[in-house]
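Summary of structural features
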Amino acid sequence: MTTENQSNTISSIATTYVDRPELEVLQIYDRRNPEQIWGTGIVETIYNDPNTDSIQDYYNEDRITIYFERITGKENSKFYFTASHTYRDFPDSKKEIISLTGGSVSIHNSLYRGQRIGTWMMNEIVKWAKQWPEANILKITLGEGDAYDENMERRNRFYEQFGIEFNYHDESRKTGASRPMKAHKLNTVDFWDKNKNGNIIVQNCRDFMISVITKNDKLLKENNEITIKNEKLKKKISFFESNPIKTGIKQILGLNNYR
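Okay, so let's go over this structure. Sequence order sets the numbering: in each chain, residues are counted from 1 along the sequence as written. Thresholds applied to this predicted model are a pLDDT of at least 70 for local features of residues and 80 or more for the giving and counting of side-chain atom pairs; totals over whole chains, interfaces and linings are not thresholded and use all residues. Remark: hydrogens and water are excluded; side-chain values derive from all non-hydrogen atoms of the structure.

**Quick notes on the overall build of the chain**
Only DSSP runs of H or I with at least four residues qualify as helices, and only runs of E with at least two residues qualify as strands; both kinds are numbered from the N terminus onward. What the chain contains, in helices and strands, is four helices and twelve strands. We call a residue buried when its accessible area falls under 20% of the maximum for its residue type, exposed when it is over 50%, and partly exposed in between, using a 1.4 Å probe and counting protein chains only. Taken across its 259 residues, the chain has 36% of its residues classed as buried. In this analysis, two residues are considered to be in contact whenever any of their non-hydrogen atoms come within 4.5 Å of each other. Intrachain contacts of the chain at a sequence separation of at least 6 include 61% that bridge at least 24 residues. A 1.4 Å probe and the Shrake-Rupley method give the accessible areas. Residues count as covered only by the protein chains that appear here. As displayed, the chain has an accessible area near 16,600 Å², and 50% of this comes from carbon and sulfur atoms.

As structure tokens, this is what we get:
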């Protein structure tokens, strides 16, 4: 469970929420080899529109869904995390609930695990949830089905890093349920940030496109320079092959201008 003396930066302070961009790019470096790019992913964020969704006098829901799709490398796949905020105004009571998982949180492709992608996505959902600080967090249940091998500890740490505490059913910590809490008690984390010794860089699409175009222009320039050098070299080789005697004399005299 997260403690105050850990190096990971956490925050439980509620801040004014600003809608996420519709599209973003994640540059992800391999956690085991920080200088090597693991892959590039496109992130799409979709909100519901309370003005057009079905609304009743006693019921209102906000939703956020964050999609991730890797666009480089092999075995690319797409997955998403979703959450909801529900406000119900009954005649005799009011109830405000946030579901952080939309029913479940899962990254099915094992190649995507361990690169902090899920942590980054859940962190964005937690930031979204904290705009309703007094909302109750819907209970998260830990089942035995995903408590296999090293995944159990990874799963438990995944939730606990956001300040979610569990009542485990026994010492094995395989199953349990989260304790009641308000949204303002949630923590945000930033140890995924490459600028803070993490492995993920977040770019907006404009900056990403500019960086790609800049790199492409640089490569084209370098390619043109190499092409020009190759052409000059071909001319010299052609001269050597067609003028062996003249070439030999010039080499003896120490001349380097083969014209």
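**Focus on the pattern of salt bridges**
We define a salt bridge as a side-chain nitrogen of Lys or Arg found within 4 Å of a carboxyl oxygen belonging to Asp or Glu. All chains considered together, the criterion is met by nine salt bridges. R63 serves as the salt-bridge partner of E61, at 2.8 Å between the closest nitrogen and oxygen. Residue classification places E61 among the buried positions, given a relative accessible area of 19%. A residue is classified by how much of its surface remains accessible, and R63, at 34% relative accessible area, is partly exposed. With a shortest N-O distance of 2.7 Å, D190 and K196 are connected by a salt bridge. We classify D190 as buried; its relative accessible area is 13%. Classification of K196 by relative accessible area gives partly exposed; the value is 47%. Ionic contacts of the salt-bridge type, sharing partners, join the residues R20, E24, E124 and K127 into one network.

**Observations regarding the sheet that holds strand β9 (residues 166-168)**
The pairing criterion is simple: DSSP has to find at least two bridges between the two strands. Taken together, the three strands give an open sheet; going across it, the order is β8-β10-β9, and neighbouring strands pair in antiparallel fashion. Sheet topology places β8 (141-142) and β9 at the edges, where each strand pairs with a single neighbour. Relative to strand β10 (residues 176-178), β8 runs antiparallel, the two being bridged by two bridges. What sits directly across from L142, in β10, is G176. Lines fitted to the C-alpha atoms define the axes, with helices restricted to the stretch that makes contact. Angles between their N-to-C directions range from 0 to 180 degrees. Along the sheet, helix α2 (residues 151-160) makes contact with β8 and β9, crossing β9 at roughly 150 degrees.

**Considering the layout of surface pockets**
A 1.4 Å probe that fits into a set of points on a 1 Å grid over the protein atoms alone but cannot get out defines a cavity; an open set with protein on both sides within 12 Å along at least five of seven lines defines a pocket, and lining residues are those with an atom within 4 Å of a point. Grid points are joined across faces, edges and corners, and a volume is the space filled by probe spheres set on the points. Volume-wise, the largest pocket comes out at about 1,000 Å³. Lining the largest pocket are 41 residues, with R154, R155, R157, F158 and Y159 sitting closest to its centre. Elements supplying a minimum of two residues to the lining of the largest pocket: α1 (117-129), β8 and α2. Throughout, the ten residues Ala, Val, Leu, Ile, Met, Phe, Trp, Tyr, Cys and Pro are labelled nonpolar, Asp, Glu, Lys and Arg are labelled charged, and all others, Gly among them, are labelled polar. Among the residues making up the lining of the largest pocket, the classes are represented as 14 nonpolar, 17 polar and ten charged.

**Remarks on a positive patch on the surface**
Taken together, the side chains of K229, K232, K235 and K236 make up a positively charged region of the molecular surface. For K235, the position within the fold is in helix α3 (residues 205-242). In this scheme, patches are assembled from residues that exceed 30% relative accessible area and form no salt bridge. Like charges are connected within 9 Å, while nonpolar side chains (Val, Leu, Ile, Met, Phe, Trp, Tyr) are connected within 5 Å. By the counting scheme adopted, Arg and Lys are positive, Glu and Asp are negative, and His together with the chain ends is not counted. For charged residues, the charge sits on one atom: NZ in Lys, CZ in Arg, CG in Asp, CD in Glu.

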